[in-house]
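Residues per chain are reported as follows:
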Amino acid sequence: MERFLPDDAATAALGAELAASLKGGDIVVLQGDLGAGKTALARAIIRILAGDPALEVPSPTFALIQPYDTPRGPVLHADLYRLGDPREVDELGLLDNPGAIVLVEWAERAPELVEAATVTVHLAIPPGGVGRQVLIERN
Ligand SMILES: Nc1ncnc2c1ncn2[C@@H]1O[C@H](COP(=O)(O)OP(=O)(O)O)[C@@H](O)[C@H]1O
Ligand SMILES: [Mg+2]
């Protein structure tokens, strides 16, 4: 599925749509350059899963992983940009709970996660910088 997201609201609406289709065990890999909207989309997804439109969803850039307990089950939001070595990903336990919904930015840092993805979202800033282009693949 390919779509143009003209503004932040469109990104949030896509997050709500995606959240409705996710279930425990889904591993969503969010790809795209810095500022493409990976965290913005993850935030929108997590807020819907949590049933809390105002939920604080920080970028897990420094913590690497941020867990949430939601009515839809455990949700893990990770950003592997600062992962030192692909082998360190095991210590984060991202794949330890088969019932969790996992959202991962910079999964490219840990190829086993890219392999495990059930949904891949590519976000891109189009030439000119207005809006975002998104491509979603279910594996
Ligand atoms: N559809 C959109 N059109 C324009 N700007 C957007 C859109 N969706 C999100 N943004 C903005 O793009 C930026 C994305 O930042 P962020 O989600 O932190 O990116 P990333 O996690 O990919 O580095 C935010 O400033 C957000 O407001
Ligand atoms: Mg981010």
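Residues numbered from 1 in each chain as written. Chains lettered and ligands numbered in written order. Predicted model: local features only at pLDDT ≥ 70, side-chain atom pairs only at ≥ 80, totals over all residues. Heavy atoms only, no water.

*Asks:* An account of the nonpolar core is needed here, citing residue identities and associated values.
*Replies:* Generally speaking, soluble globular proteins have nonpolar side chains that are buried together. Ranked by size, the top nonpolar core spans 24 residues in total, and within it Leu-41, Ile-45, Leu-103 and Val-121 carry the most contacts. Looking at this core, the elements that each hand over two or more residues are α1 (8-21), β2 (27-31), α2 (38-50), β5 (101-105), β6 (119-124) and β7 (132-138). The element best represented in this core is α2, accounting for five residues. Those residues in contact with Ile-45 that lie beyond four places of it in its chain are Gly-15, Leu-18, Ala-19, Leu-22 and Leu-103. Listed in part, the 18 residues of the second largest apolar core include Leu-64, Val-89, Leu-94 and Leu-113. (Core = buried A, V, L, I, M, F, W, Y, C linked by side-chain atoms within 4.5 Å. Buried < 20%, exposed > 50% of the residue type's maximum accessible area, 1.4 Å probe, protein only. Helix = DSSP H or I, 4+ residues; strand = E, 2+ residues; numbered from the N terminus. Contact = heavy atoms within 4.5 Å.)

*Asks:* Explain the coordination of the magnesium ion (ligand 2) to me, using residue names and the numbers behind them.
*Replies:* At the metal site, the magnesium ion (ligand 2) is ligated by Thr-39 (OG1) and Glu-105 (OE), and these contacts range over 2.1 Å. Of this pair, Thr-39 sits in helix α2 while Glu-105 sits in strand β5, and the two are 66 residues apart along the sequence. According to the relative accessible area criterion, Thr-39 is buried, its value standing at 15%. Judged by its relative accessible area of 2%, Glu-105 falls in the buried class. (Donors = N, O, S within 2.8 Å, 3.2 Å for Na, K, Ca; no water.)

*Asks:* Give me the packing of aromatic side chains: which residues, what numbers.
*Replies:* Tallied over the entire structure, the rule returns one aromatic pair. For the ring pair Tyr-81 and Trp-106, a centre distance of 5.0 Å and an interplane angle of 65° mean the geometry is edge-to-face. With Tyr-81 in the loop between β4 (73-79) and α3 (89-92) and Trp-106 in the loop between β5 and α4 (111-116), the pair connects residues that are 25 residues apart, well separated along the chain. You can call Trp-106 buried: its relative accessible area is 16%. Lying across the ring of Tyr-81, Arg-109 places its NZ or CZ 4.7 Å from the centre. (Phe/Tyr/Trp six-rings, centres within 6.5 Å; stacked < 30°, edge-to-face > 60°. Lys NZ or Arg CZ within 6 Å of the ring centre and 35° of its normal.)

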